[in-house]
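Summary of structural features
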Amino acid sequence: MSGGFRSRAAGRRQEPKRPTGFAEQQKQQKQQRQQKQQKKQPEGTGRQRYSVKSRPASIGDAPREAAFETVLRVTRDGAFANLTLPGLLRERKITGRDAAFATELTYGTLRTMGVLDEVIGANSSRPVAQINPEVLAALRLGAYQVLYMRVENHAAVDTSVRLVEAANQDKAKGFANGVLRSITRTPVEEWLAKFDRNHAHPEWIVKSFAAALGDAAEAELDSALKADSERPIVHLVARPGEITAEELALTTGGRQGKYSPYAVYLEEGDPGQLQEVRDGLAGVQDEGSQLIARALAEVPVDNDQGRWLDLCAGPGGKAALTGAIAAIDGAHVDAVEVAPHRADLIRKAVGNLPVTVKVADGRDPGLEAGSYDRVLVDAPCSGLGALRRRPEARWVKTEDDIAELNTLQSELLASAVNLAKPGGVIVYSTCSPDVRETRGIVDKQKALGNVEELDARPYAMDNVGEGPSVQMWPHRHGTDAMFFAVLRKLP
Ligand SMILES: C[S@@+](CC[C@H](N)C(=O)[O-])C[C@H]1O[C@@H](n2cnc3c(N)ncnc32)[C@H](O)[C@@H]1O
């Protein structure tokens, strides 16, 4: 065997394997990065940013170069694709079809990374975990073009090998060329049938969705996974008191939403450039999140004194909407957030609305117990319901994350119950459908006997499950897979 890759026959595995230990590698790399950063950086500095100095040589193909650098930064440095790529496109003035190609290539490669690694592994003499990060990034891009974009094989292989060379990995050119050529010798359908059985989802996430769908899983699991791999359209929120959804739809060329009275769907365009968003009249917010913020304000509460609390408020999407509703209702929102930089984001989001931001741990925020009419716990969670928005996330998260979060979620909900007045309402929500983070936490609180659960379905759309809580889904509603339950504190 030459060139460091396996022949097709030798490369075939007998049994499909679980996706490579990508999440494990990411965890180790994250720990190493954190240790390095602690040594190098002064306190308070954030994630690594793109630096022009580290840019590889040009191959005369700007979209693929931008895709390569983004994939590399995400996989090697822990950057976020949705922050890195738009910056590169802007900086290099990549627009129109080139920008669309770069976006599809980058996000698609990251979203299908586990599948691509299986295919690369089946054609490489070296385990994927031992391939140099630059070479692996180029291989993943090449494999994605061959398997999912149907780019001509020679173009996919040739540009990827040139990326390897441009990244100063000359010695690996033959290896990269051999792996990719080996992939092209088997029909695409065979690779996908073997390794992409669940619309590019790790097995544990498939199981989590199936458990959340319950009896509907047999009929709907495939559509749920498929919808979770499609790019969502932008949802705008028209802030009540500032602009109506009808006006916002007219001025932005969008469509009014189906479920939230504040929602507008934007099929294309950069929402950050909209004047209404810049002026704070509107924001970007999933329609499901809008319904949750609205539910907090709408559930009847006797003798509502207008003392509302958002216990996990950063970066402030729901605080801004509840703040706008509070302004109309003559209420006031206290917004608690443990991370100071996220508290700054809340301040920006809420502007002059009647919202007071407090940096504190929601489990013991130093606020008066038994005093709030309405409390929202939009709990820190695995984010499994919003995987569409961060293409790499499904391969970075692990099931262990959920167990770690469960304790915090329970403690935050218990604190919210303590802060609510008797007869007050507590809304518990997650952007995850995983039952351990949703019903599991609510049922545990109910078992303590100090709350009753109300039917949350009147505050949402149809087809949200058996109740009393609400589970939304991308494949049913076009929203993120948001969950919420409504509790009332017993006297
Ligand atoms: C799901 S996000 C909330 C999103 C927010 N409600 C919105 O709509 O923009 C959860 C937030 O809780 C914060 N958080 C995590 N642990 C916390 C704690 N112990 N107390 C308060 N906030 C916490 C996180 O930093 C994060 O900003």
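Each value, and the rule that gives it
Residues numbered from 1 in each chain as written. Predicted model: local features only at pLDDT ≥ 70, side-chain atom pairs only at ≥ 80, totals over all residues. Heavy atoms only, no water. Helix = DSSP H or I, 4+ residues; strand = E, 2+ residues; numbered from the N terminus. Buried < 20%, exposed > 50% of the residue type's maximum accessible area, 1.4 Å probe, protein only. Contact = heavy atoms within 4.5 Å. Areas by Shrake-Rupley, 256 points an atom, 1.4 Å probe, with all protein chains shown as cover. UniProt positions renumbered as here; feature names shortened; annotations may be inferred. Pairing = 2+ DSSP bridges. Axes fitted to C-alpha atoms, helices over the stretch in contact; angles between N-to-C directions. Core = buried A, V, L, I, M, F, W, Y, C linked by side-chain atoms within 4.5 Å. Parallel < 35°, antiparallel > 145°, perpendicular 65-115°, else oblique. Left-handed = near helix turned anticlockwise from the far one by under 90°. Nonpolar A, V, L, I, M, F, W, Y, C, P; charged D, E, K, R; others polar. Phe/Tyr/Trp six-rings, centres within 6.5 Å; stacked < 30°, edge-to-face > 60°. Near = heavy atom within 4 Å. Polar contact = N/O pair within 3.5 Å; in protein donor to acceptor, adjacent residues only side chain to side chain.

Concerning the overall build of the chain
Looking only at helices and strands, the chain has 21 helices and 12 strands in total. Buried residues in the chain amount to 55% of all 491 residues. Contacts spanning at least 24 positions in sequence make up 73% of the contacts within the chain whose residues lie at least 6 apart. Summed over its atoms, the accessible surface of the chain is roughly 22,000 Å², and 48% of this surface lies on carbon and sulfur atoms.

Observations concerning the UniProt feature "domain: SAM-dependent MTase RsmB/NOP-type" (unreviewed entry) in the chain
Here, UniProt's "domain: SAM-dependent MTase RsmB/NOP-type" (unreviewed entry) annotation points to residues 210-490. With 36% helix and 21% strand, residues 210-490 has end C-alpha atoms that lie 34 Å from one another.

Looking at the sheet that holds strand β2 (residues 255-256)
With antiparallel pairing, four strands are arranged side by side in an open sheet as β2-β3-β1-β4. What marks the edges here is a single partner per strand, and that holds for β2 and β4 (282-284). Sheet topology note: the strand β1 (residues 234-238)/β4 ladder contains three bridges and is antiparallel. Along β4, the bridge assignment pairs Leu 236 with Val 284. Across the sheet, helix α13 (residues 245-252) is in contact with β1, β2, β3 (263-266) and β4; its angle to β3 comes to roughly 20 degrees.

Details of the nonpolar core
Taken as a class, soluble globular proteins show a tendency for nonpolar side chains to be buried jointly. The biggest cluster of nonpolar side chains holds 56 residues, and the ones touching the most others in it are Phe 68, Ile 120, Leu 139, Leu 147 and Ile 183. Those elements giving two or more residues to this core turn out to be α3 (62-77), α4 (81-91), α5 (96-111), α6 (113-122), α7 (133-149), α8 (153-166), α9 (173-184) and α10 (188-195). Looking at this core element by element, the count peaks at 11 residues for α7. In this structure Ile 183 touches Val 119, Ile 120, Asn 123, Ala 143, Val 146, Leu 147 and Trp 191, once residues within four positions along its chain are discounted. Cys 312, Tyr 372, Val 377 and Ala 420 belong to the second-largest nonpolar core, a separate cluster that totals 23 residues.

Description of the packing of helix α19 (residues 399-419) against helix α20 (residues 439-447)
One way to put it is that α19 packs onto α20 with a least axis distance of 10 Å and a crossing angle of 45 degrees. As summarised for this structure, α19 and α20 are arranged oblique, according to the angle between their axes. Here α19 and α20 pass one another in a crossing that is right-handed. Contacts from Asn 406, Gln 409, Ser 410, Leu 413, Ala 414 and Val 417 in α19 reach Ile 441, Val 442, Lys 444 and Gln 445 in α20. Of the residues belonging to the contact of α19 with α20, the class tally is five nonpolar, four polar and one charged.

Some words on the packing of aromatic side chains
The full count for this structure, using the stated rule, is four aromatic pairs. Both rings, one in Tyr 144 and one in Tyr 148, keep their centres 5.1 Å apart while their planes meet at 20 degrees; by these two values the pair is stacked. Taken together, the residues Tyr 144 and Tyr 148, both in helix α7 and four residues apart, mark about one turn of the helix. Taking relative accessible area as the criterion, Tyr 144 reaches 2% and is therefore assigned buried. Among the residues examined, Tyr 148 registers a relative accessible area of 23% and is labelled partly exposed. Ring geometry for Trp 191 against Phe 195: centres 6.3 Å apart, planes inclined by 15 degrees, an arrangement best described as stacked. With Trp 191 and Phe 195 both in helix α10 and four residues apart, the pair spans about one turn of that helix.

Some thoughts on the site of the ligand
Contacts to the ligand come from 20 residues, most closely from Gly 317, Glu 337, Arg 342, Gly 362 and Asp 378. Taking Cys 312, its main chain carries an N or O atom lying 3.3 Å from a nitrogen atom of the ligand. Elements with a minimum of two residues in the shell around the ligand: α16 (317-329) and α19. Taken together, the residues of the shell around the ligand sort by class into 10 nonpolar, four polar and six charged.

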